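The lines below spell out each chain.
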Amino acid sequence: MINVSDIQRFSLGDGPGIRTTIFFQGCNLHCPWCHNPEAIPLRPQKMRDPRGRERVYGAPTDIANILAVVEKDAAYYAESGGGVTLSGGEVLLQAEGAARLAAALQAEGIHVLLDTAGDVPFAAFQKVLPFIDAIYYDWKAANAEDYRRRIGGDFARILDNLGRLIEAGCAVRVRVPLIEGVNTAPDYAEQMCACLRQVGAQEVDLLPFHRLGSAKYRALGLAYAYASVPSMTIQRAKEIAKIYQKYFKTKIEG
Ligand code: SF4
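Residues numbered from 1 in each chain as written. Predicted model: local features only at pLDDT ≥ 70, side-chain atom pairs only at ≥ 80, totals over all residues.

### Quick look at the sheet that holds strand β1 (residues 2-11)
Thinking step 1. The sheet built from nine strands is open, its strands ordered β5-β1-β2-β6-β7-β8-β9-β10-β11 with mixed pairing. The open sheet has two edge strands with one neighbour each: β5 (59-61) and β11 (249-252). The average undirected angle you get between the axes of adjacent strands in this sheet is 30°.
Thinking step 2. Two elements, β1 and strand β2 (residues 19-24), share five bridges in a ladder whose sense is antiparallel. Each residue of the ladder has a partner; that of S11, found in β2, is R19.
Thinking step 3. On the sheet, helix α1 (residues 63-71) packs against β1, β2, β5 and β6 (83-88) and is oriented at approximately 5° with respect to β1. (Pairing = 2+ DSSP bridges. Helix = DSSP H or I, 4+ residues; strand = E, 2+ residues; numbered from the N terminus. Axes fitted to C-alpha atoms, helices over the stretch in contact; angles between N-to-C directions. Contact = placed C-beta atoms within 7 Å.)

### Brief notes about the packing of α1 against helix α3 (residues 95-107)
Thinking step 1. Across the interface, α1 lies against α3 with an axial gap of 10 Å and an inter-helix angle of 40°. Between α1 and α3, the crossing angle belongs to the class labelled oblique. α1 and α3 meet at a crossing whose hand is right-handed. Between α1 and α3, the residues in contact are I63, I66, L67 and V70 and R100, L101, A104 and L105, respectively.
Thinking step 2. Here the residues of the contact of α1 with α3 sort into seven nonpolar, no polar and one charged. (Parallel < 35°, antiparallel > 145°, perpendicular 65-115°, else oblique. Left-handed = near helix turned anticlockwise from the far one by under 90°. Nonpolar A, V, L, I, M, F, W, Y, C, P; charged D, E, K, R; others polar.)

### Examining unusual backbone geometry
Thinking step 1. Residue G89 follows G88 across a cis peptide bond; omega there is 10°.
Thinking step 2. Of note, F10 is a non-glycine position whose phi angle comes to about 55°, a positive value.
Thinking step 3. One can find F10 in strand β1.

Rendered as C-alpha cells:
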C-alpha cells in the first residue's frame with residue numbers, strides 16, 4: 001500500500017515525454033511556496049479539492065490499483081519517451097512502497113523518475129535506486145540556517161545525499177525553485193551554485209515561482225504566504241539563469 005495524494009495522467013512538466021505522476025502523501029518539509037499543500041500532511045486527510053468537492057488525500061492505495069491506472073497510457077509513454085514520475089510530498093518517506101512500485105514499473109519496461117527533496121536517510125535512496133532511471137533533486141537554499149528556518153530541512157544531509165547520488169553515477173538533475181526574497185539575489189545565487197559545484201552537479205533546472213497553487217490553499221482553507229507575490233517573469237528568470245549558466249548546463253522550466 002502507498003498513501004497516494006493524487007495520480008495525474010498526461011503530465012508534461014514532470015520529466016521527459018508524456019508521463020503519469022504519482023503524488024505520494026506526506027512531506028517532512030514545509031516550504032511556504034509549496035504548490036501541493038494537500039500532499040504535505042503525513043496522514044490521510046479529508047479535505048475539499050479545488051472544485052469544492054470533499055475527498056480524501058493520501059488514501060492507502062494498492063500498488064496493483066496504481067499500476068492499473070499507469071498501464072492505461074503505456075502506448076503514450078512508448079511513443080513520447082515518457083513514463084512515470086514518483087513525486088509528492090516526499091516519495092522517500094514511503095521508500096518501501098516506492099521501491100515495490102518502481103520495481104513493478106521497471107519490470108514492464110516503463111521509465112521511472114524520482115522527484116525528491118532529499119531530506120531522508122541515504123538508506124531510503126538505496127531502497128529505490130535499483131529501480132529508478134532518473135532523479136529530479138530539489139535544491140532550495142544555500143546554508144543550514146536558511147534550510148532549517150525557512151523550510152525545516154537538514155542542509156548537510158540534503159547536500160550529502162546529492163553528492164552521494166552523483167558520485168554513484170545516478171542521472172540527477174538539480175531543480176531550483178526561484179523564490180524572490182529567498183534564493184534569487186545575485187550573491188545568494190552564487191552561494192547556491194557553490195554548494196552544487198562542491199558535490200559535482202552538472203545539470204540544473206530553474207523553476208520560476210508561479211502562483212498556480214493559490215486556488216488549492218483557498219480550497220483547503222489554508223493561509224498562503226505567497227498569495228500576493230506575483231509570478232516570476234521569464235525576463236527575471238533569464239537574469240538569474242545567467243549565474244547558473246556559468247557553471248552548469250541550465251534550463252528554465254515552466
Ligand atoms: S518539499 Fe516539495 S512537497 Fe514538500 S513542502 Fe516543499 S515544495 Fe511542498
